[in-house]
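One-letter residues, chain by chain:
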Amino acid sequence: MIHWKVVDDYEALSAAAAAILLDWIERNPSTTLLLPTGSTPEGMYAHVVSACSARYRCFSDVTTFNLDEYVGVPPDHPGSYHHYMRTRLFSHVDLDPGRSHLPDGTATEVRRREPELDFESALRAECASYERAIEATGGIDVAFLGMGRNGHIGFNEPGSPFESRTRIVTLHPSTRMANAPFFPEGTVPERAITAGIGTILDSRRIILMASGAAKAPAVKRLAEEAPSRDFPAAALRLHGDVTVIVDRAATAALTVTPASSR
Ligand code: GLP
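Residues numbered from 1 in each chain as written. Predicted model: local features only at pLDDT ≥ 70, side-chain atom pairs only at ≥ 80, totals over all residues. Heavy atoms only, no water.

*Asks:* I'd love a proper account of the environment of S174, names of residues and values included.
*Replies:* Residue placement: S174 occurs in helix 6 (residues 173-179). Look at S174 and you get partly exposed, because its relative accessible area is 37%. When the C-alpha positions of S174 and T64 are compared, they lie 28 Å apart, and in sequence the two are 110 residues distant. (Helix = DSSP H or I, 4+ residues; strand = E, 2+ residues; numbered from the N terminus. Buried < 20%, exposed > 50% of the residue type's maximum accessible area, 1.4 Å probe, protein only.)

Laid out in structure tokens, this is it:
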């Protein structure tokens, strides 16, 4: 079941998503969130940071997990999602570093603990331990998502099983091309670790953001297509509590503009 929230533009979308996040953590201070990267959530993070700097103890009891990270990219690389999260959110709010989790695409900690593992086995162990860490918190309360033009959520590309869990995936050439500007040295990663579609669907509530004309065809597929592996975001239609926040430009291809229901 998808609730649609149609807003005028990117600024309104960012404010609406931030309001949901801030309201949730205020009412549920020890909550667990699943967080996205990409250009879409940048505005949401900016709103959250400016609201939190005006308040005391916004994130002190919050636990966060991120959807994904590139394989082989160290956390201090400017194209890494570790770096993205540090610069957009973590270094500006009172989130306990011990409670913010991203998959480690270098599996450094696993390799330190189990030096006998080869790199591939260490990556697989990293994926399994990420799932266990999510479970240990009691599960994700609210997942925030962006969406790729081909409907990918996290890095779950078309063809991903709806029951998939955190795992190593190969990035679609179009996804690599979209992310190439973040790797100016020319070595765009070929693989990533991503929370699975099943991992995402286990979240109690899901908020997906889509902005701009480039996302209009994907928004149309999300609204109108029966769920299938060809279009990963359509898996959200199987979930009981999903809010999709879109701006007008992203609704351009829809046959019928959905009425905002939240
Ligand atoms: C990347 C991320 C996704 C994100 C997608 C869309 O591939 N792994 O989580 O949703 O990009 O990005 P953007 O918001 O920049 O369009």
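*Asks:* I'd like to hear about the state of the cysteines, residue by residue, with values.
*Replies:* Scanning the model with the defined rule gives one disulfide in all. C52 shares a disulfide with C58; S-S distance 2.5 Å. The disulfide joining C52 to C58 has a torsion of about -95 degrees about its S-S bond and is therefore left-handed. Just as C52 is buried, C58 falls in that class too. (Disulfide = S-S within 2.5 Å.)

*Asks:* I'd love a proper account of the site of the ligand, names of residues and values included.
*Replies:* Looking at the ligand, there are 13 residues lining it, with S39, T40, D68, H152 and K215 nearest. Residue S39 places a side-chain N or O atom 2.6 Å away from an oxygen atom belonging to the ligand. Here the ligand loses 88% of its free accessible area of 390 Å² to cover by the protein chains. Of the residues that constitute the shell around the ligand, the class distribution is three nonpolar, eight polar and two charged. (Near = heavy atom within 4 Å. Polar contact = N/O pair within 3.5 Å; in protein donor to acceptor, adjacent residues only side chain to side chain. Areas by Shrake-Rupley, 256 points an atom, 1.4 Å probe, with all protein chains shown as cover. Nonpolar A, V, L, I, M, F, W, Y, C, P; charged D, E, K, R; others polar.)

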